[in-house]
Structure formats: structure tokens, C-alpha cells
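Descriptive analysis of the structure
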Amino acid sequence: MSTSEPGAEANQAIDLAAATQQARVLAQALPYLRRYAGATVVVKYGGHAMGEEALAEQFGRDIALLKQVGINPVVVHGGGPQINTMLKRLAVQSTFIDGLRVTDAPTMEVVEMVLAGTVNKYVANLITQAGALAVGICGKDGAMIRAQKVQRSRIDPETKRATPVDYGFVGEPAGVDARVIHALTGGGLVPVIAPVGVGPDGQSYNINADTVAAAVAGALNATRLLMLTDVPGVLDKEKALIPSLTLQHVQERIADGTITGGMIPKVECCVEAVRQGVKGAVILDGRVPHACLLELFTEAGPGTLIQR
């Protein structure tokens with residue numbers, strides 16, 4: 001006579017079925033694990049994936065998993081909403097011109113405090129708590145991200161002439177010294193990079209995180225650049241996802257108006273990364289659970305792959 005409690009056999013069957021499904025998923029992932037073994041994957045992290053606690057914790061676990069299976073993840077994060085919150089709290093006025101924040105000295109102080117401090121350590125801790133040792137750094141560490149001042153102009157509506165616009169301490173990457181990153185990944189650590197660069201005179205510069213991620217991926221000759229966003233990817237004119245684009249297709253889609261607005265600079269960052277040697281750049285929805293794992297380890301990648 002069985003001594004098991006009533007229902008135990010049914011529960012065991014259910015558990016076995018679940019375990020079998022998990023084993024099947026692992027077996028299906030094996031070819032992808034081989035493909036990316038030892039590869040460098042740069043992940044740009046921000047948006048709702050960072051702002052929602054459940055998604056943030058899930059992101060930390062996913063990055064830790066990548067490290068555990070032999071991939072070298074490098075994370076570059078943003079922090080615009082967190083900067084806005086701190087500026088309001090400190091009563092520091094913020095000005096925007098054509099969607100770009102004018103960063104004067106007081107604003108730059110807050111930007112650096114938030115990006116290289118609070119947000120940077122928060123993201124690093126997410127990954128560390130999930131089981132991989134992550135180290136938070138910014139572009140000023142080891143002069144890793146050399147910055148130059150952004151030069152922009154706008155057309156005066158009256159004179160129709162281009163006039164220069166001073167965005168203050170807003171910069172763009174002039175070069176990336178990857179030695180600090182290699183030292184960390186070689187030591188089994190996950191670098192978490194805040195997009196603050198340093199000019200020739202030691203001045204701090206606020207740099208767009210997408211631009212930094214592309215420059216870092218290029219400097220590392222990364223296998224993949226994953227750009228987490230708040231949209232499914234690049235959409236066609238019928239709002240359907242475009243699974244993949246070549247560099248030539250990107251230019252055609254911009255020219256015919258398929259790619260517009262804020263998607264253009266994201267796509268251009270991906271194009272620049274691929275031109276610098278990255279094998280593929282993906283724009284994907286960070287709101288999708290396990291977006292990075294789905295993209296790397298399944299054929300059902302949720303984003304748009306850009307490659308040569």
C-alpha cells in the first residue's frame with residue numbers, strides 16, 4: 001500500500017512535466033550558448049526596464065546568467081528620469097533645445113552625481129545580487145571615454161542662416177580606451193558604465209547613453225550590441241516589426257520616411273557600431289520579460305537586428 005499523501009502522485013507528475021519543459025528549453029539553447037561562448041555583448045540599459053522594480057531585478061538576473069554561461073556582458077546605462085527628479089529636488093532649472101538638455105556647470109554636477117553615483121551603483125548591485133560580480137564605473141575612470149564638446153547649429157527662422165548652439169557640457173565620444181573594461185572582464189567582473197566622459201582638460205561631459213554604448217561596442221569589437229528601448233523595435237509604415245535591416249536598408253528606410261523621429265538617432269548609433277566592427281546591433285523592447293535572453297538564445301528574437 002502506498003504511504004504517499006493524497007494527490008502526491010499528481011503533484012509529482014506536474015513537477016516532472018515542468019522539469020521536462022525546462023530541460024527541453026536548456027537543450028534548445030545549447031547551439032546559441034556555443035555561438036556566444038566567450039563573446040562580448042554590450043547592453044544599453046534604460047527606459048521602463050530600469051524604472052520598474054520587477055523588470056530591473058529580472059534584468060540583473062539575466063545579465064548574471066550571461067556571465068555564468070561564458071559570455072562577457074558589458075552594461076552601459078542611462079538615467080534621464082532620475083536626473084530630472086534630482087534636478088527638481090535641488091531646484092536646479094533645466095533647459096532643452098531641440099530635445100537636448102543644456103548642461104551648465106550646476107546641471108553637470110547633478111548629472112555626474114546621479115549617473116556615476118546613484119544609478120550606476122544601483123545597476124551594478126542588481127547584477128551582483130543576482131550572482132555575478134559587477135563593478136560600476138564611468139567614462140572618467142582611467143580616461144576610458146574621451147569626450148569632445150557637441151557642436152550643433154540651428155536655422156534662424158528670420159535670417160534662414162545656421163547659427164551655433166551652445167549646449168554647455170554636453171559631449172560625444174572622441175575615443176574609447178578599452179583597457180579598463182578588458183581588465184574587469186578578464187577578472188571575471190561585469191563592467192557597468194555610466195555615460196560621463198572626460199575632456200582633454202579634465203572637464204566632465206554628459207554624453208547620450210546610446211552613443212556611448214555604440215562607441216564602447218565598437219572599441220570592444222563586440223559580437224552584439226543590444227539597445228533596450230521602450231518600443232518593440234523598428235516598425236514599418238503599417239506598424240509591423242521589421243526583424244532585420246542591412247546598413248543600406250537603414251538609409252533607404254530613413255529616406256522614405258519609414259524610420260522617423262527619435263528612432264533615427266538610435267538606428268544611427270547601431271549603424272555606427274556595425275561600421276566600427278560590431279557583428280550585429282539589435283533594437284529591442286526592454287519591457288519584454290527576458291528580452292536579452294530571447295534575443296540571444298532563441299530564433300524568436302523580439303527586436304530588429306541591424307548588420308552589414
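The structure under discussion appears in the preceding block.
Below is a short write-up of the structure.

Some words on the overall build of the protein
When helices and strands are tallied, the protein shows 10 helices and 16 strands. Here the C-alpha radius of gyration of the protein, 22 Å, is about what a compact globule of 308 residues would show, namely 19 Å. Counting only C-alpha atoms and orienting by the principal axes, one finds that the protein spans roughly 95 × 40 × 35 Å. Here the protein has roughly 15,500 Å² of accessible surface; of this, 54% comes from carbon and sulfur atoms. Separation between the mean location of the 27 positive side-chain charges and that of the 29 negative ones in the protein comes to 5 Å.

Quick word on empty space enclosed by the protein
Per the stated rule, a full pass over the model turns up 1 cavity of 30 Å³ or more. Lining the largest cavity are Ala-49, Leu-55, Gln-58, Phe-59, Asp-62, Leu-228, Gly-286, Val-288, Pro-289, His-290, Ala-291 and Cys-292. Of all the secondary-structure elements, those providing two or more residues to the lining of the largest cavity are helix H3 (53-68) and helix H10 (291-297). No other element matches H3, which puts 4 residues into the lining of the largest cavity. Residues belonging to the lining of the largest cavity are distributed by class as follows: 8 nonpolar, 3 polar and 1 charged.

Details of the environment of Gly-46
Relative to the helices and strands, Gly-46 is located in the loop between strand E1 (40-45) and helix H2 (48-51). Residue classification places Gly-46 among the buried positions, given a relative accessible area of 4%.

Some points on the pairing of strand E8 (residues 162-165)
Bridge count for strand E7 (residues 152-155) against E8 is 4 bridges, and the pairing is antiparallel. Residue pairing in the sheet places Ile-155 in a bridge with Ala-162 of E8.

Thoughts on the side chain of Thr-103
Within the fold, Thr-103 resides in the loop between strand E4 (100-102) and helix H5 (105-129). If near-sequence neighbours (up to four positions away) are discounted, Thr-103 is found in contact with Met-108, Tyr-167, Gly-168, Phe-169, Val-170 and Asn-206.

Quick word on the nonpolar core
Core analysis: the largest hydrophobic core is formed by 47 residues, its most contacted members being Tyr-45 and Phe-297. If you tally residues by element for this core, the top one is H5, at 11 residues. The contact partners of Tyr-45, leaving out residues within four places of it in the chain, are Met-50, Ala-56, Phe-59, Val-75, Val-76, His-77, Gly-78, Val-123, Leu-126 and Leu-228. The next biggest cluster of nonpolar side chains, apart from the first, holds 41 residues, and it includes Ile-137, Ala-214, Val-250 and Cys-269.

Overview of the sheet that holds strand E13 (residues 224-229)
Overall, mixed pairing links the 8 strands, which are arranged E5-E10-E2-E1-E13-E15-E16-E14 in an open sheet. Two strands lie at the open edges of the sheet, namely strand E5 (134-138) and strand E14 (244-246), each paired on one side alone. Across this sheet, the average inter-strand angle for adjacent strands is 20 degrees, counted without regard to direction. Where E1 and E13 come together, 4 bridges link them in parallel fashion. When the bridges of E13 are listed, Val-41 appears paired with Arg-224. In this fold H5 packs onto E1, strand E2 (72-77), E5 and strand E10 (190-194), with an angle of close to 160 degrees to the strand it touches most, E5. Against the sheet, helix H6 (residues 179-186) touches E2, E5 and E10, its axis set at about 145 degrees to E10.

Observations concerning the pattern of salt bridges
A side chain of one charge can pair with a side chain of the opposite charge when the charged atoms of the two come close. Here the structure, examined in full by the defined rule, presents 6 salt bridges. Put simply, Asp-210 and Lys-266 hold a salt bridge, and the shortest N to O gap is 2.8 Å. One end of the pair, Asp-210, is in helix H7 (residues 209-220); the other, Lys-266, is in helix H9 (residues 263-275), and 56 residues separate them in sequence. Across the pair, exposure class does not vary: Asp-210 and Lys-266 are buried alike. Here the residues in one salt-bridge network are Lys-44, Asp-210 and Lys-266, joined through shared partners.

Cut-offs applied
- The numbers attached to residues start from 1 for each chain and follow its sequence in the written order.
- Given that this is a predicted model, residues contribute local features only at a pLDDT of at least 70 and side-chain atom pairs are listed and counted only at 80 or more, while totals for whole chains, interfaces and linings are drawn from all residues.
- Hydrogens are left out, water is left out, and the side-chain values use all remaining heavy atoms of the structure.
- Put simply, DSSP H or I for four residues or longer makes a helix, DSSP E for two residues or longer makes a strand, and each gets a number counted from the N terminus.
- For the radius of gyration, the atom set is restricted to C-alpha positions; the globular benchmark scales as 2.2 Å times the number of residues to the power 0.38.
- Residue burial considers only the protein chains on display, and all accessible areas are found by Shrake-Rupley using a 1.4 Å probe.
- For this count, His and the chain ends are skipped, Lys and Arg are scored as positive, and Asp and Glu as negative.
- For charged residues, the charge sits on one atom: NZ in Lys, CZ in Arg, CG in Asp, CD in Glu.
- A cavity here means a set of points on a 1 Å grid, drawn over the protein atoms and nothing else, where a 1.4 Å probe fits but cannot get out; a pocket is an open set with protein on both sides within 12 Å along at least five of seven lines, and a residue lines either one if it has an atom within 4 Å of a point.
- Grid points are joined across faces, edges and corners, and a volume is the space filled by probe spheres set on the points.
- Ten residue types, Ala, Val, Leu, Ile, Met, Phe, Trp, Tyr, Cys and Pro, are classed as nonpolar, four, Asp, Glu, Lys and Arg, as charged, and the remainder, Gly among them, as polar.
- Only protein chains enter the accessibility calculation, which uses a 1.4 Å probe. A residue is then buried if its area is under 20% of the maximum for its type, exposed if over 50%, and partly exposed in between.
- Between any two strands, pairing holds if DSSP finds at least two bridges.
- The criterion used for residue contact is that any of the two residues' heavy atoms lie within 4.5 Å.
- Side-chain atoms within 4.5 Å link the members of a nonpolar core, which is a set of buried Ala, Val, Leu, Ile, Met, Phe, Trp, Tyr and Cys residues.
- A fitted line through C-alpha atoms represents every axis, and for helices the fit uses only the stretch in contact; the resulting angles, taken between N-to-C directions, go from 0 to 180 degrees.
- Salt bridges are defined by distance alone: a side-chain nitrogen of Lys or Arg within 4 Å of a carboxyl oxygen of Asp or Glu.

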